[in-house]
Amino acid sequence: MLNPKNHNIVFIGFMGVGKGTIARALIQKTKRMGLDTDDLIESMENRKIKMIFETEGEAYFRKLEKKTAKWLEKSVKNAIISTGGGFFKVANLEKIGTVVYLKSSFEGILKRLQEHENAELKLAKRPLLTDFTKAKALFNERAPLYEAKADVIIDVENRKIKEIVNDLATLLKTNKH
Ligand code: S3P
């Protein structure tokens, strides 16, 4: 079921699954406006996520996510929103828009990241991905929670971005979202 509240699309899913890439491709295809919660937080703080984690700790970052979520609910409409991998825990997620979970196995995500031309950068900027054993445990803990929060689940493993985006655009059109 799509949740047309505010007519936003909110992508959730684990780090590195492709939320930003898919959101940008959908923005280009649909000509809607889009934003990313990590980018909003970085500009609010004028520093990188990695630096925020290092100097203030994770709890501080989570507060910034909550603040961002409240602003999105109140002020943003008709947008395509990509989020950080832990953003789905904000209390008002379903009030922001239709929640789309981009699903893949942990191995599929690692493969995608490692095959990327900027693989080192992609890994280095994510503080919670530095230890693969811990990241895998986090993935296992979160996987069912992402599903529970989703209005729509899209399996992205081994699929081309173009195909995924076409499916999403059709879904939006069919539902007059
Ligand atoms: C996090 C994911 C990151 C970023 C932060 C925390 C998480 O975003 O928000 O490092 O808790 O999963 P990406 O999912 O874009 O990597």
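Above this text is the structure in question.
Before going into details, it helps to say that this report is about the structure given with it. Small disclaimer: the values here were computed from a predicted structure and weren't measured. (Residues numbered from 1 in each chain as written. Predicted model: local features only at pLDDT ≥ 70, side-chain atom pairs only at ≥ 80, totals over all residues. Heavy atoms only, no water.)

## A short note on the site of the ligand
For the record, the criterion: Residues are labelled near a given molecule or strand when at least one of their non-hydrogen atoms is within 4 Å of it. Any pair of N or O atoms that falls within 3.5 Å is considered a polar contact. Within protein, one atom must be able to donate a hydrogen and the other to accept it, and sequence-neighbouring residues count only if both atoms are side-chain atoms. Cavity: a set of points on a 1 Å grid over the protein atoms alone where a 1.4 Å probe fits but cannot get out. Pocket: an open set with protein on both sides within 12 Å along at least five of seven lines, its lining residues, like those of a cavity, having an atom within 4 Å of a point. For this analysis, a molecule is said to be in a pocket or cavity if more than half of its atoms are within 2 Å of the grid points defining it. Each residue is assigned to one class: nonpolar for Ala, Val, Leu, Ile, Met, Phe, Trp, Tyr, Cys and Pro, charged for Asp, Glu, Lys and Arg, and polar for all the others, Gly among them.
Close to the ligand lie 14 residues; Lys19, Arg62, Gly85, Arg126 and Arg142 are nearest. In the environment of the ligand, an oxygen atom lies 2.6 Å from a nitrogen or oxygen atom belonging to the side chain of Arg62. Here an oxygen atom of the ligand sits 2.8 Å away from a polar atom, N or O, in the main chain of Gly85. In a pocket analysis with a 2 Å cut-off to the grid points, the ligand is assigned to the largest pocket. Split into classes, the residues belonging to the shell around the ligand amount to six nonpolar, three polar and five charged.

## Brief notes about unusual backbone geometry
Applicable threshold: In this text, helices come from DSSP runs of H or I with a minimum length of four residues, and strands from runs of E with a minimum of two, each type numbered from the N-terminal end. Under the scheme applied here, a residue whose accessible area is under 20% of the maximum for its type counts as buried, over 50% as exposed, and between as partly exposed, the area being computed with a 1.4 Å probe on protein chains only.
A positive phi angle, close to 55°, is found at His7, a residue other than glycine. Secondary-structure assignment places His7 in the segment before β1 (9-12). Residue class for His7 comes out partly exposed when judged on its relative accessible area of 29%. Of note, Asn78 is a non-glycine position whose phi angle comes to about 55°, a positive value. Mapped onto the fold, Asn78 is located in the loop between α4 (58-75) and β3 (79-82). Residue Asn78 is classed as partly exposed on the basis of its relative accessible area of 43%.

## Things to note about the layout of surface pockets
This is how the line gets drawn: Grid points are joined across faces, edges and corners, and a volume is the space filled by probe spheres set on the points.
For the largest pocket, the calculated volume is near 800 Å³. Taken together, 38 residues line the largest pocket, and the ones lying closest to its centre are Asp36, Asp38, Asp39, Lys125 and Arg126. Among the secondary structure elements, those contributing two or more residues to the lining of the largest pocket are α1 (19-30), β2 (33-36), α2 (37-45), α3 (49-56), α4, β3 and α7 (119-124). Element by element, the count of residues in the lining of the largest pocket is highest for α1, at six residues. Partitioned by chemical class, the residues of the lining of the largest pocket number 13 nonpolar, 10 polar and 15 charged. Taken as a whole, the second largest pocket holds about 310 Å³ of empty space.

## Describing the pattern of salt bridges
In plain terms, the rule: We define a salt bridge as a contact between a side-chain nitrogen of Lys or Arg and a carboxyl oxygen of Asp or Glu at a distance within 4 Å.
Counting across every chain of the model gives 12 salt bridges. Salt-bridge contacts for Arg62 lead to Glu58; the nearest nitrogen and oxygen are separated by 2.8 Å. In this pair, Arg62 and Glu58 both sit in helix α4, four residues apart, roughly one turn of the helix. In this structure Arg62 comes out as buried when scored by relative accessible area, which is 19%. Here Glu58 falls in the partly exposed class, since its relative accessible area comes to 35%. A network of salt bridges, in which partner residues are shared, links Glu45, Arg47 and Glu56.

## A short note on the pairing of β1
Inclusion rule: Pairs of strands are assigned from DSSP output, requiring at least two bridges between the strands.
With burial as the criterion, each face of β1 is covered, one bearing Ile9 and Phe11 and the other bearing Val10 and Ile12. Here β1 runs beside β3; their pairing, made up of three bridges, is parallel. When the sheet's bridge partners are listed, Val10 is paired in β3 with Ile81.

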